[in-house]
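# Chain and residue survey
Spelled out from the first residue to the last, the chains are:
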There are 2 protein chains.
Amino acid sequence: MAQTQIRPEVLIVTPPGSFTYFESDFTQKFNVLKAWESPLPLDQYVTTHAQSVQALICHAYTPVNADLLQLLPALKLVASPSTGADYVDKAECRRRGVAVTNAGDAYSEDVADIAVGLFIDVHRKISAADSYVRRGLWSSKGDYPLGSKIGGKRVGIVGLGSIGYEVAKRLEAFGCKISYNSRSERPSLSYPFYSNVCELAANTDALIICCALTDQTHHMINKEVLSALGREGVIVNVGRGAVIDEKELVKCLVNREIRGAGLDVFEKEPHIPKELVEMDNVVLSPHKAVFTLESFKRGSEVLIANLEAFFSNKPLVTPAMDE
Amino acid sequence: MAQTQIRPEVLIVTPPGSFTYFESDFTQKFNVLKAWESPLPLDQYVTTHAQSVQALICHAYTPVNADLLQLLPALKLVASPSTGADYVDKAECRRRGVAVTNAGDAYSEDVADIAVGLFIDVHRKISAADSYVRRGLWSSKGDYPLGSKIGGKRVGIVGLGSIGYEVAKRLEAFGCKISYNSRSERPSLSYPFYSNVCELAANTDALIICCALTDQTHHMINKEVLSALGREGVIVNVGRGAVIDEKELVKCLVNREIRGAGLDVFEKEPHIPKELVEMDNVVLSPHKAVFTLESFKRGSEVLIANLEAFFSNKPLVTPAMDE
């Protein structure tokens, strides 16, 4: 008979994807408090467990803000399943002495794959042509319009962290010329660095947004940057919706002031500006850059590793950097 | 005043895309006989010019078969705008002493880009998810199902010519493991070679068809190969539709005996088996692997170079190999 162990308590308000698919990996190790299964209103449920909960797994749809943190005076760790933990009020966590962990680079390859997939799709009109074929228009109306060649394109990567680097590596194999904007230059890499994102846009055919959402990057891609990118320019966003001023992006797309866009993220997910749904020069992806079983598995491993480190007083595996 | 020159006569029955977009490049150098603009039935139009026409530009929708060749006794050159000139009866051309040229590797990069785009799309469900978002299902039904990671996939390339090589180069940057089947081994490359396509399928997670259509490759991808590929297997075809036994492929897809497919080519283009249109695990592309303005420009340059070489008795630039 297995020995009964007291499992550390972990609160989950809304379950992240990795928990949904790998629940037993969590419940074997932790006493998981499932707020979403309780009939109680969230604040009442949380208050019931307030004195004992030291660790919380969060989710993009339930922001970890000052109100929630106030209900949990014993909290010492917020473990985010995402790379960009922008829905966690890190300043408030810091003030309360609550540590934050993220997914580290668990998802970087998958996110880079979606970025390149969207990049090819926008230039070569894959989704739009698939829809054209399915509607029976190939046989009745003839060939679908031409796309634009990938090779030789000058690609500007905004945010050359682990995701941006993986994007660069892939697109080099297609014959693209990489340059980048980032918080700081990476001298170990030979790609040209632009400290100003507007200058980067002016000197490239496409921007791929791979950075985190912070006060500094909020609406960083504004009208000026989009104008600098120009009529033949393409934008791909696998970072966060609000890195782009979405209203200006939609205006530029509607007025054909840029060529097209591949968007995995939006400002008010899962709601999409209605104008985008009508356009065939955009590819719309439902924030699924990390949506593979392999990534969810890896993500749950990183979450569990952080929780185990926390409960055994070891250094956290992937503490969220000051972003 | 420009000197009047007698331009060599070139017959076009149906115009290829490169002609449509770059017509003036052709008409400046050649006296182009546009059969499709004539009110006469094709055989009458052709017969009218039978004694003078030495060169013909062809198109996939108008096969250059024994019947057409018989009407053109003076013909000495068939210039195909495609890489795979399978709609030209090469044996009959050879018998009549008619040379055939193709596009060489003018389109290899664009075709490889579409192959990789389809490969990513099938694994990461980009087109299907785009349609899901456009139908408003993200906000009403929640997240789109998971896809499968690209990195680590074992990819079998069928036909390691210039297209297959470009596909391999790109997918290596994603962390895929490449092996291949081809008419002969390429000792200069380190990828594992399988002389038997069924064995290749049994040892890979995906097949990417990049070979030409010949008597040897017709229906080469049959039920046995698809079974060897297996339930988690993916197939991408940028070669020709009839390299795959399409009925068997559709059966396997319907019965989920393979995971999915990305198809740029079909057996009876532009007609698509109706079962495919209902499925969300396939990506349907309207034979547009070479459809970029850059490729059409390059294709027209190669066509013109072959015609100029022919009319000045120089060696043809890209004679069609015995495929």
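Keep in mind it's a predicted model, so treat the numbers as computed, not measured. (Residues numbered from 1 in each chain as written. Chains lettered and ligands numbered in written order. Predicted model: local features only at pLDDT ≥ 70, side-chain atom pairs only at ≥ 80, totals over all residues. Heavy atoms only, no water.)

## Thoughts on the packing of aromatic side chains
Considering all chains together, one arrives at 19 aromatic pairs over all chains under this definition. Among the aromatic residues, those joined into a cluster by ring pairs are Phe19(A), Phe26(A) and Trp36(A). (Phe/Tyr/Trp six-rings, centres within 6.5 Å; stacked < 30°, edge-to-face > 60°.)

## Side note on the sheet that holds strand β10 (residues 260-263) of chain B
All names here are of chain B. The sheet built from six strands is open, its strands ordered β7-β6-β8-β9-β10-β11 with parallel pairing. Edge strands, defined here as strands with exactly one partner in the open sheet, are β7 (177-181) and β11 (282-284). Going from strand to strand, the sheet's axes swing by 15° on average, the running direction of each strand aside. Inspection of the sheet shows strand β8 (residues 206-209) paired to strand β9 (residues 234-237) by four bridges, in the parallel sense. Among the inter-strand pairings, Ala206 is bridged to a residue of β9, identified as Val234. (Pairing = 2+ DSSP bridges. Helix = DSSP H or I, 4+ residues; strand = E, 2+ residues; numbered from the N terminus. Axes fitted to C-alpha atoms, helices over the stretch in contact; angles between N-to-C directions.)

## Section: the UniProt feature "domain: D-isomer specific 2-hydroxyacid dehydrogenase NAD-binding" (unreviewed entry) in chain A
The sites that UniProt annotates as "domain: D-isomer specific 2-hydroxyacid dehydrogenase NAD-binding" (unreviewed entry) are residues 117-289 of chain A. For the annotated span residues 117-289 of chain A, helix accounts for 34% and strand for 14% of the residues, and the straight-line distance between the end C-alpha atoms is 10 Å. (UniProt positions renumbered as here; feature names shortened; annotations may be inferred.)

## A look at the sheet that holds strand β3 (residues 55-57) of chain B
All names here are of chain B. Taking strand neighbours across the sheet as the criterion, the five strands line up as β2-β1-β3-β4-β5 in an open arrangement whose pairing is parallel. Edge positions in the open sheet fall to β2 (31-34) and β5 (99-101), since each of these has one partner strand only. Taken over all neighbouring pairs, the strand axes of this sheet differ in orientation by 25° on average, direction set aside. By the bridge criterion, three bridges tie β3 to strand β4 (residues 77-79) in an arrangement that is parallel. In the sheet register, Leu56 faces β4, and the bridge partner there is Val78.

## Some details on the side chain of Ser82(A)
All names here are of chain A. Along the chain, Ser82 falls in the loop between β4 (77-79) and α5 (90-96). Polar contacts involving the side chain of Ser82 include one to the side chain of Tyr87, which spans 2.3 Å. Ignoring sequence-local partners within four residues, the contact set of Ser82 consists of Tyr87, Asn102, Ala103, Tyr107 and Arg240. (Polar contact = N/O pair within 3.5 Å; in protein donor to acceptor, adjacent residues only side chain to side chain. Contact = heavy atoms within 4.5 Å.)

## Points about the pairing of strand β6 (residues 154-158) of chain A
All names here are of chain A. Counting buried positions along β6 gives four out of five residues, so the element sits mostly inside the fold. Read as a crossover between parallel neighbours, the route from β6 over helix α9 (residues 162-172) to strand β7 (residues 177-181) is right-handed. When β6 meets strand β8 (residues 206-209), the two strands line up parallel, connected through four bridges. What sits directly across from Ile157, in β8, is Ile208. (Buried < 20%, exposed > 50% of the residue type's maximum accessible area, 1.4 Å probe, protein only. Right-handed = clockwise from strand over helix to strand, strands pointing away.)

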